[in-house]
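Given next are the chains, with one letter for each unit.
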Amino acid sequence: LCINMAHISPWPATLGLVAGAGRLLAEGAPLILYGPWRREGVPTAPSNEAFDASLKARDPRWGLRRVEDLDAAAAARALTRTRLVEMPANNLMLVYRR
């Protein structure tokens, strides 16, 4: 379970998390990420846009990530998204499995 890391760290940190999960998780075990994400074709809440701008002002390597980019990174490590759950405060829970 990884909460609020992907957007408050450089993208390579999330890629490292996914790579490690791909190596270490048993078949069927979940990798769960929680936080604000962008989705293709789905408008982002104004509060998430403001949060993204605030993050990028602190460190330009930070910011909201796209679910589709995480899906591609996961697929490269034999992980498949099995669930997307809309959560309070414009967050998402993403579940990947080997």
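Above this text is the structure in question.
Since the model is a prediction, treat every value here as computed from it, not as a measurement. Per chain, residues are indexed from 1 in the order of the written sequence. Since the coordinates come from a predicted model, pLDDT governs what is reported: local features require at least 70, and pairs of side-chain atoms require 80 or more to be given and counted, while whole-chain, interface and lining totals use all residues. Side-chain numbers come from the whole structure's heavy atoms, not from hydrogens or water.

A.B. asks: Residues and numbers for the pairing of strand E6 (residues 91-97), please.
C.D. replies: Exposed residues in this analysis have more than 50% of their type's maximum accessible area, buried residues have under 20%, and partly exposed residues fall in between, with area computed by a 1.4 Å probe over protein chains only. Helix and strand definitions here come from DSSP, where helices need a minimum of 4 consecutive H or I residues and strands a minimum of 2 consecutive E residues; each element is numbered from the N-terminal end. Most of E6 is tucked away, with six of its seven residues classed as buried. Where strand E5 (residues 80-87) lies against E6, seven bridges are found, and the strand directions are antiparallel. Note that in E6 the partner of Leu84 across the bridge is Leu94. When DSSP locates at least two bridges between a pair of strands, those strands are taken to pair. Connecting E5 to the antiparallel partner E6 that follows it, the hairpin turn spans three residues, and Ala89 within it adopts a positive phi of roughly 60°.

A.B. asks: Quick one: what's the story with the nonpolar core, residue by residue and with numbers?
C.D. replies: Core analysis: the biggest nonpolar cluster contains 14 residues, and Leu31, Leu33, Trp37, Leu70, Leu79, Leu94 and Tyr96 have the highest contact counts within it. Put simply, the parts of the chain that give this core at least two residues each are helix H1 (11-24), strand E2 (30-35), helix H3 (67-75) and E6. Any two residues whose heavy atoms approach within 4.5 Å are treated as being in contact. Other than its neighbours up to four places away in sequence, Leu70 contacts Trp11, Thr14, Val18, Leu33, Trp37, Leu94 and Tyr96. For our purposes a nonpolar core is just a set of buried Ala, Val, Leu, Ile, Met, Phe, Trp, Tyr and Cys residues, chained together by side-chain atoms within 4.5 Å.

A.B. asks: Kindly report on the packing of H1 against H3, identifying the contributing residues and their values.
C.D. replies: Relative to each other, H1 and H3 sit at 40°, their axes nearing to 9 Å. It follows that H1 is oblique to H3 by the angle criterion. Seen along the crossing, H1 lies across H3 with a hand that is right-handed. On H3, the residues that touch Trp11, Thr14, Leu15 and Val18 of H1 are Asp69, Leu70, Ala73 and Ala74. Only Asp, Glu, Lys and Arg are considered charged in this grouping, and only Ala, Val, Leu, Ile, Met, Phe, Trp, Tyr, Cys and Pro are considered nonpolar; every other residue, Gly among them, is considered polar. Here the contact of H1 with H3 is composed, by residue class, of six nonpolar, one polar and one charged. For helices, the axis comes from a line fit to the C-alpha atoms of the stretch in contact; other axes are also lines fit to C-alpha atoms, and the angle between any two N-to-C directions lies between 0 and 180 degrees. To sort the angles, those under 35 degrees are grouped as roughly parallel, those over 145 as roughly antiparallel, those from 65 to 115 as roughly perpendicular, and the leftovers as oblique. Two helices crossing with the near one rotated counterclockwise from the far one by less than a right angle form a left-handed crossing, whereas a clockwise rotation gives a right-handed crossing.

A.B. asks: Tell me what's going on with unusual backbone geometry, and back it up with residues and numbers.
C.D. replies: Non-glycine residue Asn4 carries a positive phi angle of around 55°. Here Asn4 is to be found in the loop between strand E1 (2-3) and H1. On the basis of relative accessibility, which here comes to 34%, the residue Asn4 falls in the partly exposed class. The backbone of Asn90 sits at a positive phi, close to 60°, despite the residue not being glycine. Its place among the elements puts Asn90 in the loop between E5 and E6.

A.B. asks: Give me the sheet that holds E2: which residues, what numbers.
C.D. replies: Strand order in the open sheet formed by four strands is E1-E2-E6-E5, with mixed pairing between adjacent strands. If you trace the sheet from one side to the other, it starts and ends with E1 and E5, each paired once. In this structure, E2 lies alongside E6, joined through six bridges in antiparallel fashion. Across the sheet, the residue bridging to Leu31 is Tyr96, located in E6. Docked against the sheet, H3 engages E2, E5 and E6, running at close to 15° with respect to E6.

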